[in-house]
Amino acid sequence: MTDMTTSPEGGGEPQVSPRKAVRRGGGDAATRGRTTIADGVVEKIAGMAARDVLGVHAMGGGFSRTIGAMRERVPGGSKSVTRGVKAEVGEVQTALDLEIVVDYGVSISDVAGAVRENVIAAVERMTGLEVVEVNIAVGDVHLPEEEEEEPEPRIQ
């Protein structure tokens, strides 16, 4: 914003001087309200970040994967990115529990470490929450010969 004034000599030529922004309401904008983040938001971020790690075959335990697979086959159903993720969100901190299935042949400790790093980085960057812990349970190892069961189509 600028303020147009004429010179004091009366020359009539306008001078441009910057106008200072007026702050109303006092204080920083960050202190003028409250932001809450739902557990489900953090779970989605963590689920996406965990799936991005090489060596993670799937998320969730056997039963939740079975239910999820049935839900995906229902028309209009979609893949749940929160499967295998549980978050507890406070005002400034969050804790996460993840259940993963790793591919056979990978180092489980390396995959778990990479998942932990990726999840912490994504959640802290996107939410501003401090991640105090990420607990990882490896529920299964996916063998190469284990193919996902595809049901035969009813209509040909």
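Owing to the predicted nature of the structure, the values given are computational and were not obtained by experimental measurement.

Draft legend 1. Quick peek at the overall build of the protein. Looking only at helices and strands, the protein features three helices and six strands. What you see in the protein, going N to C, is helices and strands ordered as β-β-α-β-α-β-β-α-β. Per-residue burial over the protein gives 26% buried out of 156 residues. Sequence-distant contacts in the protein: of pairs separated by 6 or more residues, those separated by 24 or more amount to 66%. Here the protein has roughly 11,200 Å² of accessible surface; of this, 52% comes from carbon and sulfur atoms.

Draft legend 2. The arrangement of the layout of surface pockets in detail. By volume, the second largest pocket amounts to about 220 Å³. What lines the second largest pocket is simply Arg34, Thr35, Thr36, Ile37, Val89, Gly90, Glu91, Val92, Thr127, Gly128 and Leu129. Classifying every residue of the lining of the second largest pocket gives four nonpolar, five polar and two charged.

Draft legend 3. Fine view of the pairing of strand S6 (residues 130–142). Where strand S5 (residues 93–103) lies against S6, eleven bridges are found, and the strand directions are parallel. Within S6, the position partnered with Gln93 by the bridge is Glu130. The parallel pair S5 and S6, bridged by helix H3 (residues 108–127), forms a crossover whose chirality is right-handed.

Calculation notes
Along each chain, the written sequence defines residue order, and numbers are assigned to residues from 1. Per-residue local features are limited, in this predicted model, to residues with pLDDT of at least 70; the limit for side-chain atom pairs, both in listing and counting, is 80 or more; totals at the level of whole chains, interfaces and linings are taken over all residues. Heavy atoms throughout the structure, all of them, feed into the side-chain values; hydrogens and water do not. In DSSP terms, a helix is any run of H or I states spanning at least four residues, a strand is any run of E spanning at least two, and both are numbered starting from the N terminus. Think of it in three bands: with a 1.4 Å probe and only protein chains considered, a residue is buried below 20% of the maximum accessible area for its type, exposed above 50%, and partly exposed in between. Residues are treated as being in contact if the distance between any of their heavy atoms lies within 4.5 Å. Computed by Shrake-Rupley with a 1.4 Å probe, the accessible areas treat only the displayed protein chains as cover when residues are assessed. Cavities and pockets are defined on a 1 Å grid built over the protein atoms alone: a cavity is a set of grid points where a 1.4 Å probe fits but cannot escape, while a pocket is an open set with protein on both sides within 12 Å along at least five of seven lines, and lining residues are those with an atom within 4 Å of any such point. Grid points are joined across faces, edges and corners, and a volume is the space filled by probe spheres set on the points. Polar here means any residue outside two lists: the nonpolar Ala, Val, Leu, Ile, Met, Phe, Trp, Tyr, Cys and Pro, and the charged Asp, Glu, Lys and Arg; Gly therefore counts as polar. Pairing between strands is defined by DSSP: at least two bridges between them are needed. Here the term right-handed applies to a crossover when the path leading from its first strand over the helix to its second strand runs clockwise, the strands being oriented away from the viewer.

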